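# Summary of structural features
The chain contents come next:
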Amino acid sequence: MLLLVSPVTGIAHLLEHPFFRYALLAGTGIALASGLVGSFVVRRGQVFTGDALSHVAFTGALAALAFGIDLRVGLYGACIVFALLMAFLGQRARADDTVIGSVFAWVLGLGALFLSIYTTSRSGTGGLTGNAGVSVLFGSLFGLSADQAVAAAAVSAAVVIALVAIARPLLFASIDEAVASARGVPVRLLGYAFFILLGITAGEATQAVGALLLLGLLAAPGGAAQRITPRPFVALWLSGGIAVVSVWAGLALAYAVPNVPPSFGILAVATGCYVVAVGASALRVARRRRTHQVGTASAASTARMGIETT
Amino acid sequence: MGTDGMTGHLTGGLQWNLGNDTRQLFAYHFMVNAFRAGTVVAVVAGAVGWFMVLRRQSFVGHTLAVVSFPGAAGAIWLGLSATLGFFVGSLAAAVVIALVPRSGSGSPSSEESAVIGTVQAFALACGVLFVSLYGGFLDSLTGLLFGTFLGVSDRQVVTLALVGVAMLVVLGCIGRPLFFATVDADVAAARRVPVRVLSVVFLLVLGCTAAEVSQITGALLVFALLVMPAAAAQQLTARPIWSLAATMVIGLVVTWLALAVAYFSIYPVGFYVTTFGFAAYLLAAGFRWVANRSGSRRRLPVMGVAAA
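Described in the following lines is the structure provided in the data block. (Residues numbered from 1 in each chain as written. Chains lettered and ligands numbered in written order. Predicted model: local features only at pLDDT ≥ 70, side-chain atom pairs only at ≥ 80, totals over all residues. Heavy atoms only, no water.)

### Comments concerning the overall build of chain A
Across its full length, chain A carries 13 helices and 0 strands. Counting helices and strands in the order they occur from the N terminus, chain A gives α-α-α-α-α-α-α-α-α-α-α-α-α. By the burial criterion, 50% of the 310 residues in chain A qualify as buried. In chain A, the proportion of contacts linking residues at least 24 apart, taken out of those at least 6 apart, comes to 77%. (Helix = DSSP H or I, 4+ residues; strand = E, 2+ residues; numbered from the N terminus. Buried < 20%, exposed > 50% of the residue type's maximum accessible area, 1.4 Å probe, protein only. Contact = heavy atoms within 4.5 Å.)

And the structure:
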């Protein structure tokens, strides 16, 4: 409530809490990386692959938990291996969504197995075990430690730098693969590099919004930006901006309203941005059509008048 | 998950005697119900999934399946029946996705898939919110996500059977024109087949089926029963009727086998369903590969590719 009454004191109050500072640090980095990568995911038509990755992230994390190693090892390992597999299948065997679907449905089944191994093997430790699976699925941005937050921000920064470095040729390859490869752009290599970045981002985003919701952080900002502007580079940065704003607003919402989990706040704001973008673009198309009709009608009438006067 | 884990200790264990083991399988009422429900679910999911794979709508199918979870979570939060929530969630998502125009018969455009992805993520976020508002039903949360194959009541079996028959009847009525519209949308439209109406009706059928199946397999594993048998069957034969029949047979075998194995094991049913399904798919793909290599004169056409 304080946030609404006086924003400045509200924000200052928010930042006094260490858990909120960590969430903001990690969340901002993860959002920027997901927004930029998501812009390419939408442009390359690979949203379904992102969907598949979200389930792989779950299985990877639970496998790590079940075997008692660091959760992040399993998370990143599974995401990157699966992303490379998708890149390989996509280029060799023209993997369609049936193949992707069959593979990730099975991977999810493995996730169910690891969840059961984990919960049965550690049933003595009480409520904590039940929460581990849930926090992998739905994220725990407010539960990050200082080390985790710094690590997440550092990884995000690396992803952003790498993506910006390859952004121009990758965009060329995404828009017209044939022409790009004819012009000597290493299309295949870029595809692999992009999938690795996507895998790392998926692992990152799982820690923020959870395996089930990372798709939203990839698809909603990218889709919204693409609806707002036809210019690809503007769309790229706009997508990153929308994702960051969604995370900030979502975190504030989750803090201000009790019982609202941060994941829901973030996704609600991102979806809201998308709905607004769709509405705006529909309005623009309708208006353009109307002015176009008026324009052609008046041009025709002036032409007719011109004929009549001569 | 808890019920699944218990059954292994509850029984006498596997005796490697087919007669005894089968008798043991059906000794408990919950197991009989699980087989009944599994049979209904496998047949309906197979038939609907066959069209889904043919229409290349796996992403939509997965989204409708997953979206039944927030529906059920919301229903539980409001104190309504979870069954109602499953159906409302999936059907609402089907309507939203149907409102987005589909560009031709090919793969969904990037904008469309962004819409589907956003719908899915937002719906799941609502599910998280409902869980949080309700306040800690962690056990049933895992049930909603990964299924409670072994806790199916008599009433649920009847409901499942009724909805399943209804779905099959609808699918039987629209099957021929839907197949036509899927294989060649332009020619079908020229022949006055209502392509758009058919695709909306199919989305609703897909939503209902996803809701139905997710009560048994959980919202996350529905997709396995929808996609895997159909994907395997379409590798085996290009003739529509045969591959449709093969889909149902594969679905049934996978489900029955998974239930039977899960009964004697401590691991969840969902794991066995997906693993056997994936094995069936790999076997079918391998069979196809071998058949293509040995009899190179007559290559087996793939249904999906032939249709595209």
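Moving on, there is more to tell.
### Notes on the interface of chain B and chain A
Counting from both sides, the interface comprises 46 residues of chain B and, opposite them, 49 residues of chain A. Here chain B packs against chain A, burying approximately 4,000 Å² in sum over the two surfaces, 76% of which is carbon and sulfur. Where chain B meets chain A, there are 0 salt bridges. Along the contact surface separating chain B from chain A lie 4 residue pairs in polar contact (both at pLDDT 80 or more). (Buried area = accessible area lost by both parts, 1.4 Å probe. Salt bridge = Lys/Arg side-chain N within 4 Å of Asp/Glu carboxyl O. Polar contact = N/O pair within 3.5 Å; in protein donor to acceptor, adjacent residues only side chain to side chain.)

### Remarks on a nonpolar patch on the surface
Residue and element names in this part refer to chain B. There is a patch of nonpolar side chains on the surface, built from W77, L78, L80, L84, V88, L133 and Y134 and spanning about 660 Å² of accessible area. Contributing elements (two or more residues each) for the nonpolar patch: α4 (58-78), α5 (82-99) and α6 (110-134). Inspection of the secondary structure assignment puts L78 in helix α4. (Patch = residues over 30% accessible without salt bridge, like charges linked within 9 Å, V, L, I, M, F, W, Y side chains within 5 Å. Areas by Shrake-Rupley, 256 points an atom, 1.4 Å probe, with all protein chains shown as cover.)

### Describing the packing of aromatic side chains
Enumeration according to the criterion identifies 19 aromatic pairs over all chains in this entry. Plain terms: the ring middles of F20(A) and F142(A) are 5.9 Å apart, the flat faces sit at 40° to each other, and that makes the pair tilted. Of the two residues, F20(A) is situated in helix α3 (residues 18-43) and F142(A) in the loop between α7 (127-138) and α8 (146-175); the sequence distance between them amounts to 122 residues. Residue F20(A) is classed as buried on the basis of its relative accessible area of 3%. Consider the rings of F48(A) and F59(B), whose centres lie 5.1 Å apart with planes at 55°: the pair is tilted. On the criterion of chain membership, the pair formed by F48(A) in helix α4 (residues 47-66) and F59(B) in helix α4 is interchain, its members lying in two chains. You can call F48(A) buried: its relative accessible area is 8%. Residue classification places F59(B) among the buried positions, given a relative accessible area of 5%. (Phe/Tyr/Trp six-rings, centres within 6.5 Å; stacked < 30°, edge-to-face > 60°.)

### Notes on the environment of F130(B)
Residue and element names in this part refer to chain B. With respect to the element layout, F130 can be found in helix α6. Put simply, F130 and I76 are 54 residues apart on the chain and 8.5 Å apart in space, counted from C-alpha to C-alpha. If sequence neighbours within four positions are ignored, F130 has contacts with P70, A73, G74 and W77.

### A closer look at the pattern of salt bridges
What the rule picks out here adds up to 1 salt bridge over all chains. Put simply, D70(A) and R72(A) hold a salt bridge, and the shortest N to O gap is 3.8 Å.

### What to know about unusual backbone geometry
Residues and elements named next belong to chain B. Not every positive phi belongs to a glycine, and R56 is a case in point at roughly 55°. Within the fold, R56 resides in the loop between α3 (29-54) and α4. Accessibility expressed as a relative area gives 24% for R56, which makes it partly exposed. Its identity as a non-glycine residue notwithstanding, R192 has a phi of 65°, on the positive side. Following the sequence through the fold, R192 ends up in the loop between α9 (185-190) and α10 (195-217).

### Section: the packing of helix α11 (residues 214-228) of chain A against helix α12 (residues 232-256) of chain A
All names here are of chain A. Running from amino to carboxyl end, α11 crosses α12 at an angle of 135°, the nearest separation of the two axes being 8 Å. One element, α11, and the other, α12, form an angle in the oblique class. For the crossing formed where α11 meets α12, the hand is right-handed. Touching P221, G222, A224, A225 and I228 of α11 are A235, L238, S239, I242 and A243, all from α12. Class assignment of the residues belonging to the contact of α11 with α12 gives a composition of 8 nonpolar, 2 polar and no charged. (Axes fitted to C-alpha atoms, helices over the stretch in contact; angles between N-to-C directions. Parallel < 35°, antiparallel > 145°, perpendicular 65-115°, else oblique. Left-handed = near helix turned anticlockwise from the far one by under 90°. Nonpolar A, V, L, I, M, F, W, Y, C, P; charged D, E, K, R; others polar.)

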